[in-house]
Amino acid sequence: TPGAPASAVTVGAAPGLFVALGLALLGGLILNVMPCVFPVLSIKAMGVLRHASDRRTLRLSGLSYTAGVLVFVGLVAAALIALKAAGQEVGWGFQLQSPAFVAVMALLVFTLGLSLSGVFSIGGSVMGWGSSFAGGGGDGGGGARGSFFTGALAALVATPCTAPFMGVALGFALTQPWPVALAVFLALGLGLALPYLALTFLPGTARLLPRPGPWMERVKQFLAFPLYVTAAWLVWVLSLQAGAGAVFAVLVAMVLFGVF
């Protein structure tokens with residue numbers, strides 16, 4: 001009814017905490033196959049092929065990657081909870097309400113696509129971006145700090161995407177006290193990190209991966225196209241928010257990125 005508090009949720013209308021945690025975990029898993037996240041996970045998995053014999057390095061990489069995802073998702077959750085407490089109507093991907101953020105995301109995703117296409121190299125591969133930034137090497141497979149920033153990057157590029165089950169879980173979270181809300185968001189982050197974490201901790205999983213070879217370069221180049229599609233969608237969103245002038249500026253920036 002009009003005037004009812006936004007946090008008033010009937011027991012029958014809201015899922016239980018464990019249901020919400022399960023839906024958030026499943027939504028995070030599904031995010032991995034979205035166009036903006038799948039290339040990042042795939043190239044990170046290729047790094048596993050190069051280090052499959054070093055179990056300790058693999059496990060440390062998996063834990064660091066997971067920590068990076070959880071830290072970034074936790075920061076997003078903290079911002080959402082704070083804005084909700086201040087009376088703002090916000091949800092997952094609220095950053096996309098900012099034209100500046102949309103423009104930066106479009107440039108970032110486009111740049112990652114250029115790297116996958118071989119236009120230039122960021123630390124040896126797209127996932128080396130995180131490693132180079134952290135000073136942890138550019139092979140895309142090792143380095144705890146590099147894996148941490150790679151996880152944060154994966155969570156960052158996931159923000160424009162919404163997976164099934166996420167809406168119910170996050171809608172429930174934002175009506176609950178902050179510890180419950182944070183737990184649901186962290187379950188989402190765990191789901192996002194889980195495929196790579198499982199790949200590094202389950203010995204049999206790495207054996208299922210194909211042997212390294214020239215095919216990896218072809219796959220890497222193919223994975224650039226979902227990123228280009230995501231960048232085009234973000235530019236379209238920017239056109240609705242800020243008009244033709246902002247779109248022209250971003251397109252010029254993209255051309256300059258391609259040149260230099």
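Description of the structure in this document.

## Notes on the nonpolar core
And step 1. Counting residues in each nonpolar core, the largest one holds 67 residues, and the members touching the most others are L31, F185, V250 and M254.
And step 2. With 12 residues, helix α4 (residues 99-117) is the largest single contributor of residues to this core.

## Some words on the packing of aromatic side chains
And step 1. In total, this model carries four aromatic pairs according to the counting rule given.
And step 2. For the pair Y65 and Y196, a centre-to-centre distance of 4.8 Å together with 55° between the ring planes defines the contact as tilted. One end of the pair, Y65, is in helix α3 (residues 55-85); the other, Y196, is in helix α8 (residues 178-201), with 131 residues separating them in the sequence.
And step 3. With relative accessibility at 1%, the residue Y65 sits in the buried group.
And step 4. Judged by relative accessible area, Y196 falls into the buried class, the value being 1%.

## Quick look at a nonpolar patch on the surface
And step 1. Nonpolar side chains collect at one region of the surface, where F248, V252, L256 and F257 lie side by side and expose about 370 Å² of accessible area between them.
And step 2. Given the relative accessible area of 36%, F257 is considered partly exposed.

## Focus: the packing of α3 against helix α6 (residues 144-158)
And step 1. Their axes nearest at 7 Å, the elements α3 and α6 cross at an angle of 40°. Our classification of the angle between α3 and α6 gives oblique. For the pair α3 and α6, the sense of crossing is right-handed. Residues L60, S61, S64, Y65, A67, G68, V69, V71, F72 and V73 of α3 touch α6, and the partners they reach there are A144, S147, F148, T150, G151, A152, A154, A155 and L156.
And step 2. Split into classes, the residues belonging to the contact of α3 with α6 amount to 13 nonpolar, six polar and no charged.

## Focus: the packing of α3 against α8
And step 1. It is at 8 Å that the axes of α3 and α8 come closest, and there the two elements cross at 155°. In terms of axis orientation, α3 runs roughly antiparallel to α8. Every pair of crossing elements has a handedness; the one defined by α3 and α8 is right-handed.
And step 2. Classifying every residue of the contact of α3 with α8 by side-chain character gives 20 nonpolar, six polar and two charged.

## Remarks on the environment of L58
And step 1. On the secondary structure map, L58 appears in helix α3.
And step 2. Judged by its relative accessible area of 1%, L58 falls in the buried class.
And step 3. In this structure the C-alpha to C-alpha distance between L58 and G143, which are 85 residues apart in sequence, comes to 9.4 Å.

## Describing helix α1 (residues 17-31)
And step 1. The end-to-end C-alpha distance of α1, which contains 15 residues, comes to 21 Å, matching closely the 21 Å that a straight helix rising 1.5 Å per residue would cover.
And step 2. The complete set of buried residues in α1 reads A20, L23, A24, G27, G28 and L31. Axial view of α1: buried residues confined to an arc of 135°, hence all on one face.
And step 3. Taken together, the buried residues of α1 touch α6, α7 (166-173) and α8.

Parameters and conventions
- Residues numbered from 1 in each chain as written.
- Predicted model: local features only at pLDDT ≥ 70, side-chain atom pairs only at ≥ 80, totals over all residues.
- Heavy atoms only, no water.
- Core = buried A, V, L, I, M, F, W, Y, C linked by side-chain atoms within 4.5 Å.
- Buried < 20%, exposed > 50% of the residue type's maximum accessible area, 1.4 Å probe, protein only.
- Helix = DSSP H or I, 4+ residues; strand = E, 2+ residues; numbered from the N terminus.
- Phe/Tyr/Trp six-rings, centres within 6.5 Å; stacked < 30°, edge-to-face > 60°.
- Patch = residues over 30% accessible without salt bridge, like charges linked within 9 Å, V, L, I, M, F, W, Y side chains within 5 Å.
- Areas by Shrake-Rupley, 256 points an atom, 1.4 Å probe, with all protein chains shown as cover.
- Salt bridge = Lys/Arg side-chain N within 4 Å of Asp/Glu carboxyl O.
- Axes fitted to C-alpha atoms, helices over the stretch in contact; angles between N-to-C directions.
- Parallel < 35°, antiparallel > 145°, perpendicular 65-115°, else oblique.
- Left-handed = near helix turned anticlockwise from the far one by under 90°.
- Contact = heavy atoms within 4.5 Å.
- Nonpolar A, V, L, I, M, F, W, Y, C, P; charged D, E, K, R; others polar.
- Expected span 1.5 Å × (residues − 1).
- Arc of directions from axis to C-beta.

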